[in-house]
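A closer look at the structure
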Amino acid sequence: MPQIIFFAIAVGGIWFLYRRFVRDARRLAEKSRRAETERRTGAMGTLVKDPKTGEYRVKREDD
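Residues numbered from 1 in each chain as written. Predicted model: local features only at pLDDT ≥ 70, side-chain atom pairs only at ≥ 80, totals over all residues. Heavy atoms only, no water.

1. Observations concerning the UniProt feature "transmembrane region" (unreviewed entry) in the protein
The UniProt entry lists residues 6-22 under the feature "transmembrane region" (unreviewed entry), expressed in the numbering used here. Here residues 6-22 runs as 100% helix and 0% strand, with 24 Å between its end C-alpha atoms. (UniProt positions renumbered as here; feature names shortened; annotations may be inferred. Helix = DSSP H or I, 4+ residues; strand = E, 2+ residues; numbered from the N terminus.)

See the structure below:
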């Protein structure tokens, strides 16, 4: 019985780490794509419109 519990915990931990790795890889790929597009077009950043105020601002990394 303890082996089954250990195996279940190990599989859950591996699954969690895999999902985290995939999420980080996608985020990095998107960041790289954005940077390549900005470099190619000569842009200084990406503007996004704030839905509350209607003003445009430069998109931050954590958005």
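2. Remarks on a nonpolar patch on the surface
Taken together, the side chains of Met 1, Ile 4, Ile 5 and Ile 9 make up a nonpolar region of the molecular surface, amounting to roughly 470 Å² of accessible area. Structurally, Ile 5 is set in helix H1 (residues 2-41). (Patch = residues over 30% accessible without salt bridge, like charges linked within 9 Å, V, L, I, M, F, W, Y side chains within 5 Å. Areas by Shrake-Rupley, 256 points an atom, 1.4 Å probe, with all protein chains shown as cover. Salt bridge = Lys/Arg side-chain N within 4 Å of Asp/Glu carboxyl O.)

3. Focus: the pattern of salt bridges
A complete count under the given rule lists three salt bridges for this structure. The closest approach of N and O atoms between Glu 36 and Arg 39, which form a salt bridge, is 2.6 Å. Here Arg 39 and Glu 36 lie together in helix H1, a separation of three residues that amounts to about one turn. On the basis of relative accessibility, which here comes to 35%, the residue Glu 36 falls in the partly exposed class. Arg 39 sits in the exposed class, given a relative accessible area of 58%. (Buried < 20%, exposed > 50% of the residue type's maximum accessible area, 1.4 Å probe, protein only.)

4. Let's talk about the packing of aromatic side chains
As enumerated under the stated definition, the model contains one aromatic pair in all. Between Trp 15 and Tyr 18, the ring centres sit 5.7 Å apart and the planes meet at 35°, which makes this aromatic pair tilted. Separated by three residues within a single helix, Trp 15 and Tyr 18 lie in helix H1, roughly one turn from each other. For Tyr 18, a relative accessible area of 44% puts it in the partly exposed group. (Phe/Tyr/Trp six-rings, centres within 6.5 Å; stacked < 30°, edge-to-face > 60°.)

5. Overview of H1
Over its 40 residues, H1 extends 59 Å from the first C-alpha to the last, a length consistent with the 58 Å expected when each residue adds 1.5 Å. At the C-terminal side of H1, Gly 42 shows a positive phi close to 80°. (Expected span 1.5 Å × (residues − 1).)

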